Amino acid sequence: MEFDFTPVITYFPTLLKGVGVGSLVAVIVAFMSIVGGLLVAVISIYINKIVSWPLRFFIWLFMTTPLLLQLYFLYFGLGEWILIPAIFVGILGLGFHYMAYNADIFVATIKSVSNGQYEASRSLGFGHAATIFYIIVPQAFIRSIPQLGNNMILMVKDTSVLSAIGVAELVYASQYAISVSFRPFEFFIVIAAMYYLINIFMELGQVWLERETAYRR
Amino acid sequence: MNTERNKDEPMIEIRDVHKSFGDLEVLKGINLTVNRGKIVSIIGPSGSGKSTLLRSVNHLEVIDQGNILLDGVQVNRPDMKGLQFERHINHIRQNMGMVFQHFNLFPHLSTIDNITLAPRKLKKMPPKIARELGMELLNRVGLASKADVFPNWLSGGQKQRVAIARALAMEPKVMLFDEATSALDPELVEEVNQVMQSLAEEQMTMLIVTHEMGFARDVSDWAMFMDGGVVVEECAPQKLFSNPDQERTQNFLRKHLNS
Ligand SMILES: Nc1ncnc2c1ncn2[C@@H]1O[C@H](COP(=O)(O)OP(=O)(O)OP(=O)(O)O)[C@@H](O)[C@H]1O
Ligand SMILES: [Mg+2]
């Protein structure tokens, strides 16, 4: 079998556009899933059962069903009622999915902060909420960085699933090019290499962040 | 300051305090008064309730019966609920510095931020003034060079000195020490004792739980021996440590001074 990469070069701008769309989605999803995950964790640990029970159900639901199915539900389910662009559905679906996973991490790390920290803060005169905000959550966040990093690396790869509902990220962008050039392998090799590169950069970032925060743990 | 006039003003009053954990009654009616500028030491065997008593003064333990007053204001207020009580206790605690056996410094904040967080957030002190205050306190505990270092890089003795500075930053009326030197290597005990000694010279009101008989004897105005949740004996430290009335005190001291 002979390789011919000229179609890949021809359609490279399209692929780059796909990387751009995928990156945009990933950045928004990262922000949404980390902030949202933290909120879910804090509420489910500290606020009363009535509020936290539906949240636990939400976490359980998103963690026990496939991402693709969640996207279909949102896209075709919501599509019955309102017309929303696929990219919004993709961001929501991926965002909620990883929000659940991140919340799970935050629940564990928040609980791992020792009671002595809570008591030291309260004994200075900080209230319950202020102690959570200034003392507990920052420490839990620092402890969460390794696992959050892993989740975000998985999440970036999962942006490819959004091609199933027509979000023009990298995999989706390649599909038209493949269909006219009949050169799937060449495209898949290049796309894999692009994901690999992005992955390496993210891992480097994760290592750097972990090192930068190690002395604060 | 006219210390003569202030001599007999009670700063901490502990009146008939009872506390149980489940079926275990840990405090069985404790009474103790600490006057302004005075230093009271509490000694006693492990499990006798010393920590529980000190933590009750800071309301880290909720007492079942009795009263605790700080400078005439009642600390425990079973009549108050929810946020109303939280506001009350936050205010009380700002007047009470607490030092823990295991330091409990905030690892995510630098030394100076550990000290200035409370004044900045609770007193709305401007960052520049807070930093000046922090540096002054670090100077006092001999750690001015460690302002921007994180707690993990400090030795145990340094951590405890920072913890004391942190407690002092809110300018408390009293300081509570729960075995401040018990977790330290022997060679680091002295530097913490010196800081406590200097507080004593500045007439800080202090309630100290300690296993260090020598230090308690030298620094305190009054000493109390607890066992099994009751006050067995209290008197001037010179008497308590050399010539106690009660047999239980004698036995405890004999064991402790021999080991
Ligand atoms: N949160 C708790 N729940 C149940 N029991 C407790 C709790 N805190 C303390 N106790 C028990 O209360 C008793 C008194 O404990 P406390 O810590 O006050 O003793 P202590 O005099 O400070 O001892 P030590 O010298 O070892 O520090 C002990 O029997 C202890 O096991
Ligand atoms: Mg104790």
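An unreviewed UniProt entry annotates chain B as Amino acid ABC transporter ATP-binding protein, PAAT family originating from Marinomonas polaris DSM 16579. Per UniProt, the comment on chain B under Subcellular location (unreviewed entry) is "Cell inner membrane".

Chain A carries the name Amino acid ABC transporter membrane protein 2, PAAT family in an unreviewed UniProt entry, which gives Marinomonas polaris DSM 16579 as its organism. Under the UniProt heading Sequence similarities (unreviewed entry), the entry covering chain A gives this text: "Belongs to the binding-protein-dependent transport system permease family. HisMQ subfamily."

Caption draft 1: Spotlight on the packing of aromatic side chains. Residues and elements named next belong to chain A. Taken as a whole and assessed by the stated rule, the structure comprises 16 aromatic pairs over all chains. For the pair F58 and F96, a centre-to-centre distance of 5.8 Å together with 80° between the ring planes defines the contact as edge-to-face. With a gap of 38 residues between them, F58 in helix α3 (residues 49-64) and F96 in helix α5 (residues 86-112) connect regions that are remote in the sequence. With a relative accessible area of 27%, F96 lands in the partly exposed category. Aromatic rings pair up to connect W53, F57 and W60 into one cluster.

Caption draft 2: Local environment of the packing of helix α6 (residues 115-124) of chain A against helix α7 (residues 128-158) of chain A. Residue and element names in this part refer to chain A. At their nearest, the axes of α6 and α7 sit 10 Å apart, and the two run at 140° to each other. When the interaxial angle is binned, α6 and α7 end up oblique. Crossing of α6 over α7 shows right-handed handedness. Note on element contacts: α7 touches α6 through H128, T131, I135, I136 and Q139, opposite Q117, Y118, S121 and R122. For the contact of α6 with α7, a count of residues per class yields three nonpolar, five polar and one charged.

Caption draft 3: The arrangement of the sheet that holds strand β2 (residues 24-35) of chain B in detail. All names here are of chain B. The four strands are arranged β2-β1-β4-β5 in an open sheet whose pairing can be described as antiparallel. Each of the sheet's edge strands pairs with one partner strand only, and the pair in question is β2 and β5 (73-74). Bridge count between strand β1 (residues 10-21) and strand β4 (residues 65-70): five bridges; the pairing is antiparallel. Residue pairing in the sheet places R15 in a bridge with N67 of β4.

Conventions we followed
- Residues numbered from 1 in each chain as written.
- Chains lettered and ligands numbered in written order.
- Predicted model: local features only at pLDDT ≥ 70, side-chain atom pairs only at ≥ 80, totals over all residues.
- Heavy atoms only, no water.
- UniProt positions renumbered as here; feature names shortened; annotations may be inferred.
- Phe/Tyr/Trp six-rings, centres within 6.5 Å; stacked < 30°, edge-to-face > 60°.
- Helix = DSSP H or I, 4+ residues; strand = E, 2+ residues; numbered from the N terminus.
- Buried < 20%, exposed > 50% of the residue type's maximum accessible area, 1.4 Å probe, protein only.
- Axes fitted to C-alpha atoms, helices over the stretch in contact; angles between N-to-C directions.
- Parallel < 35°, antiparallel > 145°, perpendicular 65-115°, else oblique.
- Left-handed = near helix turned anticlockwise from the far one by under 90°.
- Contact = heavy atoms within 4.5 Å.
- Nonpolar A, V, L, I, M, F, W, Y, C, P; charged D, E, K, R; others polar.
- Pairing = 2+ DSSP bridges.

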